[in-house]
Structure formats: C-alpha cells, structure tokens
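# Structural features, examined
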Amino acid sequence: MSLGRISFSAFLFVFFLNGISAQYFQPGPQVETFYSEIDDSEQPYALYLPDNFNPDKTYPLVVMLHGAMSNHRLALKRVFGKTNLPGESDAEASRYFPPWEDVEYIVVAPYARGTMGYVGIPENDVMQVIEKCRKDFKIDEDRIYLTGLSMGGGGTFFIGLSRPDLFAAIVPVCPAPPAEAFDFLENALNLPMAIHQGGADPVVKPEGTRRIVEELRSVGTMVEYYEYPEVQHDSWANAYAEGNIFKWFDGIERNPYPQRVRFATKWYKYPGAYWVTIEKLTPGTLARIDAEFTGENQVNVETDNLEAFSLNLKDHPQFESSKLLKVIVDGQEINSLPRFNHSFHKEGGKWVTGRYIAPVMAKKTGLEGPVYEVLTCRHVYVFGTQNADVPDEINRRKSVARQAADFSVSFGGYFEQNSTVNPRVIADRQVTHFDRYHSNMLLFGTKETNSVIAEIGDKLPMHLENTTDSLGLVYCYPHNGNLVVVSSGLPFWTFVPDDKDQQPLHGSRFGGARGAQALKGMKDFLLFDRSNQNVIVEGYFNNDWTLPEEAVEKLKSHGVVINTRE
C-alpha cells in the first residue's frame, strides 16, 4: 500500500474518531432536507447561515413559518424583508434568493407540507427541523425565536404557546390562529411577544387580532402590538423590512427559571413548561397550573382539573436542594423532603408527595388520542380483503383507504396542492411484523372484511355489526404500544350538507376536511348517521381506555357490539 493511501486512511480514522461531522454547510441561503418517518419522505426546509459561519461558534436560531399557498423558499426571503418584484409571481420569486444584509443568526423556514396549517403533521415537521438544527449546529438554547406570517402567524401562536419554554420570544404577523391555539393563550406569561397586523387586512381582520392582544394583556403577557394603517394582508412587508425582526430579537434571552409559571393544556403531548410538569390530567379537558416562588424554597401552587404534577427545580435560583421545600397546593400546605425534583398527586381528594405512575392501560404521552393523533407519527392505511366476492369489491375498499390517505388541498379551484403526505396504503395481508409494532394503523372495515381487525378484535373495545348503509363508526385505541384507528361503515369524512348549505363540523381551516384530515377536531370515538355532522354519540374514552357508561347504551342501541375488558 502506498504511503499516500496510508496517510489518507489515517486522516479519515482520526477525522471520524474525533466525532467531526463530515457534512459541509455553505454560508448564505440554501435548501436542506430531513427524513420524516410519518411517510418515509425527505422534507425540505430553507436554511440561512451567516457569511462568516463558524461551526465552532454558538448562534441564535430564528424559525420562520410561511403562510398559506406559499413555501419555505419564499418564507426565507420574507423574513429578510424581501418581497416579490413588481409583477413577479410567487412561482417566479421562489426560483432564486436575492442578496440581503448578513445577520449573525441561523435562520430556518420549514416547508411543513405546504398549506396544511401547523397542527399535527406540519407541527411535527417544524419540531424536527429545530431538532436537526440543534444536531447540525451549536445553537444557543436561550436564543431560539419563532415567527411566521398569516397561516404561519397562527402556527407561531400555536407552536409557541404550547411550548413557551422552548422560545425566547415569538412574533406572529397577521396571524390566523387555529382553534387549538386559544387554549394556550395564558401560557405566554414569560414569553415576550410582538404582533404585527395590517389595519385594512381583508383576510385576517384587525378586530380579531386586537381581541387576541387584549386577552393576552389581560393575563399579564408581555406583548407589543404594531398595526399599520391602510395596510392590507401583506403587513409582513412592514414587519420584516430592513431586518427589523432580527433587531427586535437582539438582546432578548429566554429565562429558563422564571419565578412564576402558568400553564394550561388538554393533552399529555404538551405537559408543561420551565420547571412545572403536569403528570395526570383528563385528556380533552383543559387543565391548569399556576406555580410561583414566594420565597426561598417556598412555592404556592394553584391547580384546576389535574391530579398530579412535578416541580423540576434543579438550578432554580430560589431553590436549595439540601433543604425542605414548603409547597402550598390549593391552600393545602405540604413539606417535601430535600431533593431536586418534587412530585405531588391526589389521594382521597388530598394532595400528597410522591410521583404518579401511570398504569399500563392508562392514557399517557403518545397514547392519549384523539383520533387525529394517529397521523402525527408513522402510520399506514390498511384495507380488508376478506369476503370480497368480486375483484371490484377489493378495488372499492382500496379506493376508500386511498381517499383517507389523500392530503391534497383545494381552495375552491383558486389554489390546488397535491398531497404532500404520502403514507403507505396496503391490504390486510400485506401488514408486516414491523407495521404491527412500529406504526400506527388506520384499519378500514370490520372483523368480517379486514383480517387485522379480526386478529386483534378481542382486544378492541367495540365493533359495528349493524349492516345498514347509513352508519359510520370511527375510534382510536392503543395496541402494541401504538394507536390504531378503526373505521367501519360509512367513511368518517362522509358529509352530506342539508338544505342550509352546512359546512363540515370537523376538519382543519387549512388543508380541507376530506380523507384523514377530517379526523381533526374529532374526539376519541364517533358514531354517526348518514353524515358526520349527524352525531349519534361521540366522546373521549375514560383515562383507563374504557367507554363512558353514558355512551355504552347509545352505541349498543345502534348495532355496536361492546367488548368488556377482563
């Protein structure tokens, strides 16, 4: 072997032994991708690195969320104050990055599946982009910022307020928040915020944004409000002009140990913030906690609709781990022995020290529902092939599953977007061991038509055996550490407007309400007649995944067979 080859091999050995990343990033604007397990796809995001980028230097991070009918490339331009040239379409503007003034920030703009809002799958994509930046670069954990315009402004509200301790500050611009965001408004107590709005915006009305600002201020949120007279929906041109957003972020740092934490949530998926974690709640019911240091090792806690929580106090400046912690919870005084983390739960209606351990068949993070949550992880659509007398019947069943997996978007013909989520659609006989143990599954049919439903049927809570063509049943349930959704009878997106020209009750504002997207807004289970707005019974499973008593009789009276758990 030549000396040159030996030297090069030795260099490679040392290169990888030292853990140095072999990936090279060029300064300036560019497009990168990450791998999404949701549908085994590479998802793009725009990335900006400073002109003198140094991989050994720690940088602040700005996350920019684009609006409806836009993309990651345009979003990166917008946050740097670059609008389209006169007469230039978005398609033309997406082809290039113009020169702009350098900033000492790393900036990312996720594509997040285009026009699907920022709840569920797109939300997951945004979080993956943030995690990839943390992996690829040295990010200042106290200087991560979030901003976005229109649909992205709404996403800024939702993602920012559901995870307020992740960000140092957020800036929603002409925001169109999803309904889910309003549960989190009180979470912004320690999160600086600036909201920008056009005074003549015909799309996002300024009156609505003003009401949000008033509500935020009424609960003590640090919010600045900028309204631009006579400016319509493009208030981002004002908000992001001349690098103003970066100047506003300069000097704002996250406080990881605030004196007071206030947090509200309906789901284990969003369990808390800073040094407070909710450990037992009723999924679907808004739970609140308000915890405040009143002195060294003295904390006052007020709760609503929760039964267990923990205080993670290591490194808090008002906490000394070697001393007792005095906690007053809902007026009840408790002394907790010296330790870093202090846990409390209810026994017999009273608060006691000790951690809550969730039983095996209890709702918990990743296994709490509602039905739409099945889509936020790796998932597969499974149609049945049993008792199909003719090939056309199998094709019909396959077509139903394909409709469920269609995430295409249409705004009345004005804007069309092909499906940007493309999970597998397979027959029951094609389901593998990997699918059973590593994927959520959407199962279509009944025990008689789908062999997977038949295989796990005795572990499921109910089955539709009414053979009429007018009923539809859909529900989610844990199995093998994952969630399955069972859809029997009419597809769950079936919607028949009445003579009043009703609109679908379920489904996202962005992304439509057909196929699997119609699951958004639904609870754990739904039985309907002819159209999904004609609800016979719907609701959430109990915390132990049993059916509420009041739902059982209604289900039974309409041909649903209930399995009793032993």
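So, here's what we can say about the structure.

Definitions and cut-offs
- Residues numbered from 1 in each chain as written.
- Predicted model: local features only at pLDDT ≥ 70, side-chain atom pairs only at ≥ 80, totals over all residues.
- Heavy atoms only, no water.
- Core = buried A, V, L, I, M, F, W, Y, C linked by side-chain atoms within 4.5 Å.
- Buried < 20%, exposed > 50% of the residue type's maximum accessible area, 1.4 Å probe, protein only.
- Contact = heavy atoms within 4.5 Å.
- Salt bridge = Lys/Arg side-chain N within 4 Å of Asp/Glu carboxyl O.
- Helix = DSSP H or I, 4+ residues; strand = E, 2+ residues; numbered from the N terminus.
- Pairing = 2+ DSSP bridges.
- Axes fitted to C-alpha atoms, helices over the stretch in contact; angles between N-to-C directions.
- Arc of directions from axis to C-beta.

Further remarks concern the nonpolar core. The biggest cluster of nonpolar side chains holds 72 residues, and the ones touching the most others in it are Trp275 and Leu311. Leu311 has contacts with Trp275, Val276, Val299, Leu325, Val327, Phe340, Asn341, His342 and Phe344, leaving out every residue within four places of it along the chain. Among the nonpolar cores identified, the runner-up in size contains 63 residues, and Met116, Met441, Leu483 and Ile562 belong to it.

Attention now goes to the pattern of salt bridges. Note on pairing: side chains with opposite charge can pair once their charged atoms come close. By the definition in use, this model includes 29 salt bridges. In this structure, the salt-bridge partner of Arg288 is Asp304, at a minimum N-O distance of 3.8 Å. Placement of Arg288 in strand β12 (residues 287-295) and of Asp304 in strand β13 (residues 298-304) is noted, with a sequence separation of 16 residues between them. Classification of Arg288 as partly exposed rests on a relative accessible area of 32%. A relative accessible area of 34% places Asp304 in the partly exposed class. The partner of Glu393 in a salt bridge is Arg396, and the shortest N-O contact between them spans 2.9 Å. In this pair, Glu393 and Arg396 both sit in helix α9 (residues 391-404), 3 residues apart, roughly one turn of the helix. The class of Arg396 is partly exposed, set by a relative accessible area of 46%. Through salt bridges with shared partners, a single ionic network connects Glu123, Arg163, Lys269 and Glu373.

We now examine the sheet that holds β13. In space, the 5 strands of this open sheet follow the order β9-β12-β13-β15-β16, with mixed pairing throughout. Either end of the sheet is taken by a strand with one partner, and the two such strands are β9 (260-265) and β16 (332-336). With strand direction ignored, the average angle separating the axes of adjacent strands in the sheet is 20°. Both β13 and strand β15 (residues 325-329) contribute to a ladder of 4 bridges, which runs parallel. Considered in β15, the bridge of Gln298 is made with Lys326.

For the rest of this paragraph, the subject is the sheet that holds strand β18 (residues 350-353). With respect to topology, 5 strands assemble into an open sheet ordered β10-β11-β14-β17-β18, the strand pairing being antiparallel. At either margin of the open sheet sits one strand with a lone partner, and together these are β10 (272-273) and β18.

Inspection of helix α12 (residues 549-556) places Ala551, Val552 and Leu555 among the buried residues, and these make up the whole buried set. An end-on view of α12 places all buried positions within 110° of arc, on one side of the element. Set apart from the buried face of α12 by more than 90 degrees, the exposed residues are Glu549, Glu550 and Glu553. In this structure, the buried side of α12 is in contact with β24 (462-464), β27 (525-529), β28 (531-539) and β29 (560-562).

As far as function goes, none of this settles anything; it's purely spatial.
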